Amino acid sequence: MFLLKRLILLGAFAGSLYAAPPKAYHLEIEANPASPFPFLGKFGTVTLHVYPAGIRAETFWLSGFTRNGASTVTVENPLGRMYTEIPVAQISATVRKLSTSGVENAAPAGITLMSGNVKGIPALRHRLSYGPQAWIDVWTTDTIPENPQLRAVIMELVRGISPATAAAIGSVRGMPLYVELNFRRYERVQLVRLKSVTWNSDGQDDALKTGTFYMKAPLLDSIWK
């Protein structure tokens, strides 16, 4: 009986170790905001590097990063060796000025859930329904700890495009791994997709700081040129 209890305890301990989320990770996520929203075409494909301490975004001509809890995003122009800082809270207003999407008032009728996986990672699909053949699928996971700064930036971006949708996804929790849009004009458009995950955070410190010999520009427009 004593041996049986020991085996049960060891099994439970091993199971808890397996289920425990890793403390270190590096997600590489590809985002294509210009596919459904042409007014964001200036940025092209965006590669997001998500670390426990923050996130870094890279495009073919601009880069940016922000650490967890920071009130600003540092935007860099590697070619001009310039950078500036914009408040996270200002992102939605900036996107709204650029937006010509016409979906500002679009609101989902409801959210349904379905279990599955993304690249072998257990995930939950949140389907935001806008009509019989119109929806947004957001796949998230609890296997990887949710990054608060990634959530803050995504919420600001969505709020700038569609405040009603931003209000609806406020209840969606977890690390986003895949987002797909399906509307009449945009059938099965991959907006966000997980490219890879590494169970370490190597390179995090360099990714979340300004490069050497960069000059600070007072305005965002200065580094957009």
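Heads up: these notes are all about the structure in this document. (Residues numbered from 1 in each chain as written. Predicted model: local features only at pLDDT ≥ 70, side-chain atom pairs only at ≥ 80, totals over all residues. Heavy atoms only, no water.)

1. Looking at the side chain of Gln-204
Within the fold, Gln-204 resides in helix 5 (residues 204–207). Taking the relative accessible area as the measure of exposure, Gln-204 reaches 13% and is therefore buried. Polar side-chain contacts of Gln-204 include one of 3.0 Å to the backbone nitrogen of Ala-53. In this structure Gln-204 touches Tyr-51, Pro-52 and Ala-53, once residues within four positions along its chain are discounted. (Helix = DSSP H or I, 4+ residues; strand = E, 2+ residues; numbered from the N terminus. Buried < 20%, exposed > 50% of the residue type's maximum accessible area, 1.4 Å probe, protein only. Polar contact = N/O pair within 3.5 Å; in protein donor to acceptor, adjacent residues only side chain to side chain. Contact = heavy atoms within 4.5 Å.)

2. Structural notes on helix 3 (residues 148–161)
Taking 1.5 Å of rise per residue, the 14 residues of helix 3 would be expected to cover 20 Å, and the 20 Å separating its terminal C-alpha atoms lies within 8% of that figure. By the burial criterion, the buried members of helix 3 are Gln-149, Leu-150, Arg-151, Val-153, Met-155, Glu-156, Gly-160 and Ile-161. The residue sitting at the N-terminus of helix 3 and contributing the capping side-chain oxygen is Asn-147; that oxygen lies 3.0 Å from the backbone nitrogen of Gln-149. (Expected span 1.5 Å × (residues − 1).)

3. Some words on unusual backbone geometry
Positioned with a positive phi, Arg-81 is a non-glycine residue whose angle comes to about 55°. Positive phi is not limited to glycine here, since Phe-213 has a value of about 65°. Taking the relative accessible area as the measure of exposure, Phe-213 reaches 75% and is therefore exposed.

4. So, the pattern of salt bridges
Close approach of charged atoms lets side chains of opposite charge pair. A full pass over the atoms with the stated rule returns 11 salt bridges. Among the ionic pairs, Glu-146 bridges to Arg-151, the shortest N-O distance being 3.3 Å. Ionic pairing is found between Glu-146 and Arg-173, a salt bridge with its closest N-O pair at 3.3 Å. In this pair, Glu-146 sits in the loop between strand 9 (134–141) and helix 3 while Arg-173 sits in the loop between helix 4 (163–168) and strand 10 (175–182), placing the two residues 27 residues apart along the sequence. Connected through salt bridges with shared partners, the residues Arg-56, Glu-58 and Glu-76 form a single ionic network. (Salt bridge = Lys/Arg side-chain N within 4 Å of Asp/Glu carboxyl O.)

This is a description of form; function is not addressed.
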